[in-house]
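Structure at a glance
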Amino acid sequence: PTQSTWGSCFIHTHKTMSLPLLVRKNIRDSEPKREEYLHAINDILGQQYAFEVAFDEVHSKVDDYKDRVGDVVHEAYLGNFSDNLKNFCEDSANKEAFLNATPARKIVFRIDASIEDYHQIQFKDGACHIVVPPKYFWTNVDQVGRNLLQQVNQADNSDLPLVVRKNLRDNEEAKKQALDRIEAALGQRYTFEMDTVAQYKVLAASDRADYKEQMGEIIFGNYGYLNALASKLESLAQDDMVKEAINDAASSHQITFKFDKDCSSYNETKFINKVMTMSTTPGYFWTNIDQIGNTIESQL
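Anyway, here's the lowdown on the structure attached to this text. Note that the structure is a prediction, hence the values are computed from the model and not measured.

1. Description of the overall build of the protein
Helix and strand counts for the protein stand at 12 helices and 9 strands. Here the protein has a C-alpha radius of gyration of 27 Å; the compact-globule value for 300 residues is 19 Å, and the former is much larger. Along the three orthogonal principal directions, the C-alpha set of the protein runs to about 90 × 40 × 25 Å. Relative to its full complement of 300 residues, the protein shows a buried share of 48%. Restricting the contact set of the protein to residue pairs at least 6 apart, pairs at least 24 apart contribute 65%. About 14800 Å² of surface is accessible on the protein, with carbon and sulfur atoms providing 44% of the total.

2. Regarding the packing of helix α5 (residues 92-101) against helix α7 (residues 162-170)
One can describe the packing of α5 onto α7 by two numbers: an axis separation of 10 Å at closest approach and a directional angle of 155°. Accordingly, the angle class assigned to the pair α5 and α7 is roughly antiparallel. Here the hand of the crossing between α5 and α7 comes out right-handed. In this structure, α5 contributes Ala 93, Asn 94 and Ala 97 to the contact, and α7 contributes Leu 162, Arg 165, Lys 166 and Arg 169. Of the residues in the contact of α5 with α7, the class split is 3 nonpolar, 1 polar and 3 charged.

3. Description of the nonpolar core
Counting residues in hydrophobic clusters, the biggest one holds 41 residues, and the most contacted among them are Phe 81, Leu 85, Phe 98, Phe 109 and Phe 137. For this core, the leading source of residues is helix α4 (residues 69-88), giving 9 residues. Not counting chain neighbours up to four residues away, the residues in contact with Phe 137 comprise Val 58, Val 62, Asp 64, Tyr 65, Val 69, Val 72, Val 73, Tyr 77, Phe 109, Ile 111 and Val 132. Counting 40 residues, the second largest nonpolar core, distinct from the first, contains Ala 185, Ala 237, Phe 285 and Ile 289.

4. Overview of helix α9 (residues 196-204)
Of the residues making up α9, those classed as buried are Thr 196, Gln 199, Tyr 200 and Leu 203. Looking down the long axis of α9, one finds its buried residues gathered within 105° of arc, a one-sided arrangement. At its buried positions, α9 is contacted by α7, α10 (215-220) and β7 (254-259).

5. Regarding the pattern of salt bridges
For the coordinates displayed, the defined rule picks out 21 salt bridges. Two residues, Asp 142 and Arg 146, come together in a salt bridge whose shortest N-O distance is 3.3 Å. Classification of Arg 146 by relative accessible area gives exposed; the value is 54%. Between Lys 243 and Asp 240 there is a salt bridge, and its shortest N-O distance comes to 3.9 Å. Of this pair, Lys 243 and Asp 240 both sit in helix α12 (residues 240-249), 3 residues apart, roughly one helical turn. Classification of Asp 240 as exposed rests on a relative accessible area of 55%. Each member of the salt-bridge network shares a partner with another, and the members are Asp 91, Lys 166, Arg 169 and Asp 170.

Calculation rules
- Residues numbered from 1 in each chain as written.
- Predicted model: local features only at pLDDT ≥ 70, side-chain atom pairs only at ≥ 80, totals over all residues.
- Heavy atoms only, no water.
- Helix = DSSP H or I, 4+ residues; strand = E, 2+ residues; numbered from the N terminus.
- Rg over C-alpha atoms; globule rule 2.2 N^0.38 Å.
- Buried < 20%, exposed > 50% of the residue type's maximum accessible area, 1.4 Å probe, protein only.
- Contact = heavy atoms within 4.5 Å.
- Areas by Shrake-Rupley, 256 points an atom, 1.4 Å probe, with all protein chains shown as cover.
- Axes fitted to C-alpha atoms, helices over the stretch in contact; angles between N-to-C directions.
- Parallel < 35°, antiparallel > 145°, perpendicular 65-115°, else oblique.
- Left-handed = near helix turned anticlockwise from the far one by under 90°.
- Nonpolar A, V, L, I, M, F, W, Y, C, P; charged D, E, K, R; others polar.
- Core = buried A, V, L, I, M, F, W, Y, C linked by side-chain atoms within 4.5 Å.
- Arc of directions from axis to C-beta.
- Salt bridge = Lys/Arg side-chain N within 4 Å of Asp/Glu carboxyl O.

Take it as geometry only, folks, not as evidence of what the structure does.
Here is the structure:
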C-alpha cells in the first residue's frame, strides 16, 4: 500500500483529559507529525503499524519539557526512529527480520527510569518499544534506532540469527567464484551443500563462538576454506591422472564442510560417500586454512 491508503492507527492507553490544557493542545497540535512519521514507517515496512503512548504517564514521570510532550514524542522520537528505520530497512534482510520481530505490528513509546542509556529499542510482546528514562527525555534523539541491527538480532528467534544470515548472503559471490575455479580445474561442476544450522549450533556452543557471526566469510570468503580448497585443486588438477582420480573419488560432485570433534589435525579433506568433505574441530576453526586439501592425493 502507498501512504495514501494507510489508515490512522494511534492508541492512547490512558485518557488525557486530566492533563493541563496547554499539554493537551501540544499533543493535539503535534498529531500531524505523528501521522506523517507513522505513514512513513508503514511505507517502509509495507505493513500498517499502530503507535501507542500513555501521555499522562509520560507527563507525570518527566521533569523537563512537560508542556511539550506531544512535540517531543511525536516529532523527536518517532520522527528520528522513522529516519533510522528507513536506513536500516534498505537491506531487505533487515526489513524481514524487523517484521518477524514485531508480529503485533505496533510501536510503543514509554518512560522507564530503570534504564541507564539515553534510550533503548526493546522488542517485547511482539512490539517495538522506544524506551526512555525520564532524566534523558529529549536527549540524543537523533540516535533512536541507529543500533537496530543489534536489537533485532537479539530478538530474532530464527535458527540462524540475522547477522549470520547476512554474513552468509554477503559471501555468496565468493562461494560462486570458488566453485567456478573448481569447475575450471576439474572440468566438472561441483555444488556446495552444508547443514548450516547444525554447524552453526556446534560453533556457537564452542570456545570459538566469537567467530559464529562470520561463518559465511570464513567458509566461503576470499581467504576461507572453500577458496583455499579451490587453490589446492587447481594445483593438483594440473596432472590429468590426479584430476580424473579426484572426480572419481567425489563422483557426487558435491563439496561440504562440517565440524568433527575427531578431526586429527587443523583440518582434513576426505572423500566420504563420494562427497569431498572439509572438516575441522571448532577449536581450530579459521586456523591454518592454507593446509586444506593437503592429504587429497594420498587418499586416491
